[in-house]
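These are the residues of each chain, in order.
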Amino acid sequence: MWNKAKSLAEQAPPERNRYVDFLRALSILAVVVGHWLVAAPYIGSDGEVVGGHLLGILPWTQWLTWFFQVVPVFFAVAGYASAVSWARMDADEHHAVSRQDRIRARVARTLGPTAVYSLFVLLVMSALIVVGLSGQVRDVAGWAVAMHLWFLAVYLMAVLLTPLSLAAHRRWGLAVPAVLGAAVVVV
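My aim in this report is to walk through the structure given alongside it, one point at a time. For every chain, the first residue of the written sequence is number 1, and numbering continues from 1 onward in sequence order. Local features are withheld for residues below a pLDDT of 70 in this predicted model, meaning they are given only at 70 or higher, and side-chain atom pairs are given and counted only at 80 or more; totals for whole chains, interfaces and linings count all residues. The basis for every side-chain value is the complete set of non-hydrogen atoms in the structure, without hydrogens or water.

With respect to the secondary-structure elements, T162 resides in helix α8 (residues 162–172). Only protein chains enter the accessibility calculation, which uses a 1.4 Å probe; a residue whose area is less than 20% of its type maximum is buried, one above 50% is exposed, and one in between is partly exposed. On the basis of relative accessibility, which here comes to 7%, the residue T162 falls in the buried class. Aside from chain neighbours lying at most four places away, what touches T162 is S82, A83 and W86. Secondary structure is summarised from DSSP: a helix means a run of H or I of at least four residues, a strand means a run of E of at least two, and numbering begins at the N terminus for each. Residue contacts are defined here by distance: any two heavy atoms, one from each residue, within 4.5 Å place the two residues in contact.

Okay, structure coming up:
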């Protein structure tokens, strides 16, 4: 497996920032693992499955969440990668592609794996129905799976806004993140 990963890394263009790829993969892995660790369904006193949350059940575990605060890293790295990709396409005069096609390709690279994941979940949920698992158990399982997908809407919005964000950055520089940071504080 290591040799295959090494071979794939060697096939990447030399200008590709492997540290950015590492941060993106690490942050995605931390988010998924963190969500699965805090989802703590258990059998209640009445024999029913209860959708618990580890941080509520064992409050001493709350400090562990500091190790899983990687969503800002993911979005910063994704923004960087999107900006680099956009700039590279702008510089490549031989492969003129419309803005819509660029965004469509970027969105497809995100939604393709998401569709596979969603199909897998639908198959598992269907199998749970067929074997007669109670609706409450299916609800907890569905909640645990859907919890991983919340960030896609934000990520896709960031991808769609990349051209506008880059134009704003070129025009106003560091004032853009300063204003956005102020807006976050106000909200």
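Helix span, as expected, comes to 1.5 Å for every residue beyond the first. If you check helix α5 (residues 99–130), its first and last C-alpha atoms are 45 Å apart, about what 32 residues at 1.5 Å a residue would give, namely 46 Å. The sharpest bend along α5 reaches about 25 degrees and sits at R109, with the proline P113 one to four residues further on. Every buried residue belonging to α5 is among R102, I103, R106, V107, T110, T114, V121, M125 and L128, and all of these are buried. One or two positions beyond α5, positive phi appears at G132, with a value near 85 degrees. The bend reported for a residue corresponds to the angle between axes fitted to the seven residues ending at that residue and the seven starting there.

Bringing the pattern of salt bridges into the picture now. Each salt bridge in this description consists of a side-chain nitrogen of Lys or Arg and a carboxyl oxygen of Asp or Glu lying within 4 Å of one another. Overall, the coordinates contain two salt bridges when judged by the stated rule. We note a salt bridge from D21 to R24, for which the minimum N-O separation is 3.7 Å. Note that D21 and R24 are positioned in helix α2 (residues 18–38) at a spacing of three residues, about one turn of the helix.

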